[in-house]
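# Summary of structural features
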Amino acid sequence: MTWASKVFELNAAGLNWPRAVAVLDAALVPMFVFWAIGHEVYLLSAAFGLLFAALGDPGGSYAHRAFDVSVFALVGAGLTALAFGIGSDAWGWLVLASFMVTLVAGLAAAFGVHRFVNALLLNIWFIVAVGYEFSLHQGGHVTSYVWAQVLSWIGGAALWIVVTFLWWLVLGRTDQGQPFSELPGDRSRRKLTRPLILFAVIRAVVIAGTVALAFGLDLSHGYWMPIAAMIAMKPSLEQAALVGAQRLAGALIGAVVAALLLWVPASESGLRLFAVERGLEVVALVLLMHGAGIRFWNYALYSAAIAAGVLILVGLPQPSDNAAEGYRVLWTLCGVGISLAVMLLTGLLAKRTAKAPPQPG
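The structure contained in this document is the topic of the report that follows.

Scoring rules and cut-offs
- Residues numbered from 1 in each chain as written.
- Predicted model: local features only at pLDDT ≥ 70, side-chain atom pairs only at ≥ 80, totals over all residues.
- Heavy atoms only, no water.
- Helix = DSSP H or I, 4+ residues; strand = E, 2+ residues; numbered from the N terminus.
- Buried < 20%, exposed > 50% of the residue type's maximum accessible area, 1.4 Å probe, protein only.
- Contact = heavy atoms within 4.5 Å.
- Areas by Shrake-Rupley, 256 points an atom, 1.4 Å probe, with all protein chains shown as cover.
- Polar contact = N/O pair within 3.5 Å; in protein donor to acceptor, adjacent residues only side chain to side chain.
- Salt bridge = Lys/Arg side-chain N within 4 Å of Asp/Glu carboxyl O.
- Axes fitted to C-alpha atoms, helices over the stretch in contact; angles between N-to-C directions.
- Parallel < 35°, antiparallel > 145°, perpendicular 65-115°, else oblique.
- Left-handed = near helix turned anticlockwise from the far one by under 90°.
- Nonpolar A, V, L, I, M, F, W, Y, C, P; charged D, E, K, R; others polar.
- Phe/Tyr/Trp six-rings, centres within 6.5 Å; stacked < 30°, edge-to-face > 60°.
- Lys NZ or Arg CZ within 6 Å of the ring centre and 35° of its normal.
- Core = buried A, V, L, I, M, F, W, Y, C linked by side-chain atoms within 4.5 Å.
- Expected span 1.5 Å × (residues − 1).

### Structural notes on the overall build of the protein
Helix and strand content of the protein: 13 helices and zero strands. In the protein, the succession of helices and strands from N to C terminus is α-α-α-α-α-α-α-α-α-α-α-α-α. Each of the 361 residues in the protein was classed as buried or not, and the buried ones make up 51%. Within the protein, residue pairs in contact and separated by at least 24 positions form 82% of the contacts whose partners lie at least 6 positions apart. Accessible area of the protein: about 16100 Å², with a carbon and sulfur share of 70%.

### What to know about the side chain of Arg19
Looking at where Arg19 falls in the secondary structure, it is placed in helix α2 (residues 17–37). Here the side chain of Arg19 touches Ala292 through a polar contact of 3.3 Å, landing on its backbone oxygen. When residues no more than four places from it in sequence are discounted, the contact partners of Arg19 are Pro179, Phe180, Ser181, Glu182 and Ala292.

### Concerning the pattern of salt bridges
As enumerated under the stated definition, the model contains three salt bridges in all. For Arg65, the salt bridge goes to Asp57, with nearest N and O atoms at 2.7 Å. Residue classification places Arg65 among the buried residues on the basis of a relative accessible area of 5%. Here Asp57 falls in the buried class, since its relative accessible area comes to 1%. Note that Arg278 and Glu281 form a salt bridge whose closest N and O atoms lie 3.0 Å from each other. You can see Arg278 and its partner Glu281 sitting in helix α11 (residues 270–293), three residues apart, about one turn around the helix.

### Some words on the packing of α2 against α11
Packed helix pairs are characterised by how far apart their axes lie and by the angle those axes make with each other. With their axes 8 Å apart at the nearest point, α2 and α11 run at an angle of 155 degrees to one another. Between α2 and α11, the crossing angle belongs to the class labelled roughly antiparallel. In this structure, α2 crosses over α11, and the sense of that crossing is right-handed. Judged by residue contacts, Trp17, Arg19, Ala20, Val21, Val23, Leu24, Ala27, Met31 and Trp35 of α2 engage Arg278, Glu281, Val282, Leu285, Met289, His290, Ala292 and Gly293 from α11. Of the residues that constitute the contact of α2 with α11, the class distribution is twelve nonpolar, two polar and three charged.

### Looking at the packing of aromatic side chains
By the definition in use, this model includes 16 aromatic pairs. Centre to centre, the rings of Phe84 and Tyr132 are 6.2 Å apart; their planes meet at 90 degrees, and the pair counts as edge-to-face. In this pair, Phe84 sits in helix α4 (residues 62–86) while Tyr132 sits in helix α6 (residues 113–139), placing the two residues 48 residues apart along the sequence. Taken individually, Phe84 and Tyr132 each receive the classification buried, so the pair is uniform in this respect. On the basis of an interplanar angle of 15 degrees and a centroid distance of 5.5 Å, the ring pair of Trp125 and Trp153 is categorised as stacked. A residue pair is termed long-range when its members are at least 10 positions apart, and Trp125 in helix α6 and Trp153 in helix α7 (residues 146–170) qualify at 28 residues. Residue Trp153 is classed as buried on the basis of its relative accessible area, which comes to 0%. Each member of the aromatic cluster is reached from another via a ring pair, and the members are Phe48, Phe52, Phe72, Phe84, Trp125, Tyr132 and Trp153. Between Arg278 and the ring centre of Phe274, over which it is positioned, the NZ or CZ distance is 4.7 Å.

### Some details on the nonpolar core
Counting 91 residues, the largest nonpolar core has Phe52, Trp125 and Trp153 as the members making the most contacts within it. When near neighbours in sequence (up to four residues on either side) are disregarded, Phe52 contacts Phe72, Leu121, Ile124, Trp125 and Trp153.

### Focus on the packing of helix α3 (residues 43–56) against α7
One way to put it is that α3 packs onto α7 with a least axis distance of 7 Å and a crossing angle of 35 degrees. In terms of crossing hand, the pair formed by α3 and α7 is right-handed. On α7, the residues that touch Ser45, Ala46, Phe48, Gly49, Leu50, Phe52, Ala53 and Ala54 of α3 are Gln149, Ser152, Trp153, Gly156, Ala157, Leu159 and Trp160. For the contact of α3 with α7, the residue count by class is ten nonpolar, five polar and no charged.

### Thoughts on α3
With 14 residues, α3 extends 20 Å between its outermost C-alpha atoms, agreeing within 8% with the 20 Å of an ideal straight helix rising 1.5 Å per residue. Counting buried positions along α3 gives 14 out of 14 residues, so the element sits mostly inside the fold.

### A look at the side chain of Asp68
One can find Asp68 in helix α4. Once residues lying within four places of it in the same chain are set aside, the contact partners of Asp68 are Pro58, His114 and Arg187.

It is worth stressing that arrangement in space is one thing and function is another; only the former is reported here.
Shown next, in the form of structure tokens:
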């Protein structure tokens, strides 16, 4: 097989359309609520609160699930408040906060693989939220309140708790497995080894570095760089060239798709602009739905769907033009390229440090 055919190789058994439809059904609720009250600026927080609460759901008894998701939601609410509180501040604070959040997320591996994955989900949301708040501040024509963004995040997570409660009643109050069974469920604690700590530090440096480049140099649409870098970073010490290539291809495809779609409202105004923006919000939710359904069908296409959905929702507050689309794709390429290069170097370093020295006879 050629390299391209390996990157886009399809696994028919990996399709899960019922789960994708369930995600879309739930996501439509906050979308229509914010449409009705005229505050679409808070849709992103609600959508991520809902989606990530579903991803972080550990399964098991309902009481256990509700408690776990509630703790996840509260931690996410704190990160939401931090991201939207400093998103328009001096770039030095953004770099420091991004470094600390990413470092703590990486060190969460000590509490088990499941909590490590949950911490990475919250890490991704923090970076996305910082970029979103910065784009709102740059646009200047949309008002966003920190407390409302926090409530939107909590509301999205609470919606998942309600959905699981209703499903629990329908199924006769029986314990359920993880909604996303492919994600790790291991909660056993483990020792923080030197490679794990080193990888966590390197991840934090990479994300902080891309944040410094984007906001310190005041790059036009530069916040796409740290978002792309975070999406492209592989949450594992085992680095694979194929997975890295799939992430790179997916992120670039998603960036191009998002850039082209965000070009549509550039020439519109008034009621047509309003209709186009609402249509793009629907498109973004549909893309996220496809991401939930094709996660194990093809990783490159999954990455493309998630990246496109996220970048559309983040980029909507800012008008587009030819230069904007070029910058968006360029910074995405830079962010993914930086992450991919560091992933490969870290993988080689981790393999070398993981080799035990020969024991004396």
